[in-house]
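# Residue-level structural notes
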Amino acid sequence: MGSKNLYTPMKIVLISSFIHEIQIAQLKLESYGIPSLIIDENLNSIIGTSFVEGYKLKVFETDFEQAKSIIHLNKYEE
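All values reported here derive from a predicted model rather than from experimental measurement.

Our focus in this paragraph is the packing of aromatic side chains. Tallied over the entire structure, the rule returns zero aromatic pairs. The ring centre of Phe64 lies 4.2 Å from the NZ or CZ of Lys11, which sits over that ring.

Here the focus is the nonpolar core. Counting residues in hydrophobic clusters, the biggest one holds 14 residues, and the most contacted among them are Val13, Leu14, Leu29, Leu57, Val59 and Ile71. Within the residue set of this core, elements represented by two or more residues are strand E1 (10–16), helix H1 (19–31), strand E3 (55–60) and helix H3 (64–75). Among the elements that make up this core, the one with the highest residue count is H3 (four residues). Filtering out sequence-adjacent residues up to four positions away, Leu29 remains in contact with Ile34, Ser36, Leu57, Val59, Ala67, Ile70 and Ile71.

Another point: the sheet that holds strand E2 (residues 36–39). Judged by pairing direction, the sheet is antiparallel, and its three strands sit side by side in the order E1-E3-E2 without closing on themselves. The open sheet has two free edges, formed respectively by E1 and E2, since each of these has just one partner strand. On average, each strand axis in the sheet is inclined to that of its neighbour by 30°, with strand direction left out of account. Here four bridges tie E2 to E3, and the two strands are oriented antiparallel to one another. Paired with Ile38 across the strands is Leu57, a residue of E3.

Tracing the sequence through the fold places Ser16 in strand E1. On the accessibility criterion, Ser16 (5% relative accessible area) is buried. A polar side-chain atom of Ser16 sits 3.0 Å from the main-chain amide nitrogen of Phe18. Setting aside residues up to four positions removed in sequence, Ser16 forms contacts with Glu21, Ile22, Gly54 and Tyr55.

Each value, and the rule that gives it
- Residues numbered from 1 in each chain as written.
- Predicted model: local features only at pLDDT ≥ 70, side-chain atom pairs only at ≥ 80, totals over all residues.
- Heavy atoms only, no water.
- Phe/Tyr/Trp six-rings, centres within 6.5 Å; stacked < 30°, edge-to-face > 60°.
- Lys NZ or Arg CZ within 6 Å of the ring centre and 35° of its normal.
- Core = buried A, V, L, I, M, F, W, Y, C linked by side-chain atoms within 4.5 Å.
- Buried < 20%, exposed > 50% of the residue type's maximum accessible area, 1.4 Å probe, protein only.
- Helix = DSSP H or I, 4+ residues; strand = E, 2+ residues; numbered from the N terminus.
- Contact = heavy atoms within 4.5 Å.
- Pairing = 2+ DSSP bridges.
- Axes fitted to C-alpha atoms, helices over the stretch in contact; angles between N-to-C directions.
- Polar contact = N/O pair within 3.5 Å; in protein donor to acceptor, adjacent residues only side chain to side chain.

Dropping the structure here:
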């Protein structure tokens, strides 16, 4: 594989106490071809609540600005 760095940093694009909001945002990003990762998705089943810090949706840094725009714009279309 050579000396190429295979690590690509990710940034949090959305935080919510409600998993369904994170999942909807993830599906919207996916429809634009932007991969994402839900952090703490299973938190509720482990400790019974997500209200401490909330669920986090991460995207690659290269997609961050576009993802932020998509999530922001689509909030007003619903």
